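Coordinates in review
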Amino acid sequence: APDPATWPDGCTPTPVAEDPRIVVASDSTASEYEPDRAPRTGWAQRLAAHTGRDVRNLAISGTSTRSFIELGALDRALDLLRPGDLFLIGFGHNDPKPDDRFSDVFTQYETNLRRYLVGARGRGALPVLLTPIDPRLEPLSADNLSPEDGRMTGADPIPLRQWLHDHATVRPAL
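Residues numbered from 1 in each chain as written. Predicted model: local features only at pLDDT ≥ 70, side-chain atom pairs only at ≥ 80, totals over all residues. Heavy atoms only, no water.

1. With respect to helix 3 (residues 73-80)
To keep it simple, the criterion reads: With a 1.4 Å probe rolled over the protein chains alone, any residue whose accessible area is under 20% of its type maximum counts as buried; one over 50% counts as exposed, and the rest are partly exposed. Numbering goes from the N terminus for both helices and strands, where a helix is a DSSP run of H or I of at least four residues and a strand is a run of E of at least two. By arc we mean the arc of the directions from the helix axis to the C-beta atoms, nothing more. Contacts between residues were defined by any pair of non-hydrogen atoms, one from each residue, lying within 4.5 Å.
Those residues of helix 3 that sit buried are Ala73, Leu74, Ala77 and Leu78. For helix 3, the angular spread of the buried residues around the axis is 135°, confining them to a single face. In this structure, the buried side of helix 3 is in contact with strand 1 (22-26), helix 2 (65-70), strand 3 (86-90) and helix 4 (108-122).

2. Remarks on the packing of aromatic side chains
The condition that has to hold: For Phe, Tyr and Trp, rings pair up if their centres lie within 6.5 Å, where Trp contributes its six-membered ring, and each pair is then called stacked (planes under 30 degrees apart), edge-to-face (over 60) or tilted (otherwise).
Here the structure, examined in full by the defined rule, presents 3 aromatic pairs. Pairing phenylalanine 91 with tyrosine 116 gives two aromatic rings, centres 5.5 Å apart and planes at 50°, and the pair type is tilted. Note that phenylalanine 91 is positioned in the loop between strand 3 and helix 4 and tyrosine 116 in helix 4, a separation of 25 residues in sequence. Like phenylalanine 91, the residue tyrosine 116 is buried in the burial classification. Through a chain of ring-to-ring contacts, the aromatic side chains of Phe68, Phe91 and Tyr116 assemble into a single cluster.

3. A closer look at the sheet that holds strand 4 (residues 126-129)
Let me state the cut-off plainly: A pair of strands is treated as paired once DSSP finds two or more bridges between them. Every angle, taken between N-to-C directions, lies between 0 and 180 degrees, and every axis is a line fitted to C-alpha atoms, over only the stretch in contact when it is a helix.
Read across the sheet, 4 strands follow the order 2-1-3-4 without closing on themselves; strand pairing throughout is parallel. Each edge of the open sheet is held by one strand with a lone partner, namely strand 2 (55-57) and strand 4. Recorded for the sheet is a direction-independent mean angle of 20° between the axes of neighbouring strands. Note: strand 1 against strand 3, 5 bridges, orientation parallel. Each bridged residue has a counterpart across the sheet, and for isoleucine 22 the counterpart in strand 3 is leucine 86. Strand contacts of helix 3: strand 1, strand 2 and strand 3, with the helix running at about 160° to strand 3, the strand carrying the most contacts.

Written as structure tokens, this is what we have:
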């Protein structure tokens, strides 16, 4: 596997395979839910139906970049990857929570994401970082429509978007 100390220098973009499998590492926003929980569904739950691809959804409700690693789920996800597969990575919703999932969004979160990226690239897969959902402390109402209102402390997505822009193989618009 590539040395994380040298990443992203020297990384060559991996071409997507002709028939790539999609492997998902994420939290509750992508998790599978039983029919009795409807209409609650994770975005990855219907991904196979919408893409016609083989989707391996390893999303675990409640996880952060840190706890997903600590549970061994990242290793399981990386073991599934083949050259040319897409590795969709969607975290950030739970990382700033003040419990055992906590990852400082300005330091540890970046270090954790590097493990996902380096692991995927080392297996010849194409990692795709998904912008995290900015969780709200209060439901939206007529008096609470500003993006700044109800934002969870530490979950400011702007520094993260800049980091993603700086480290992406294909740079998104800011």
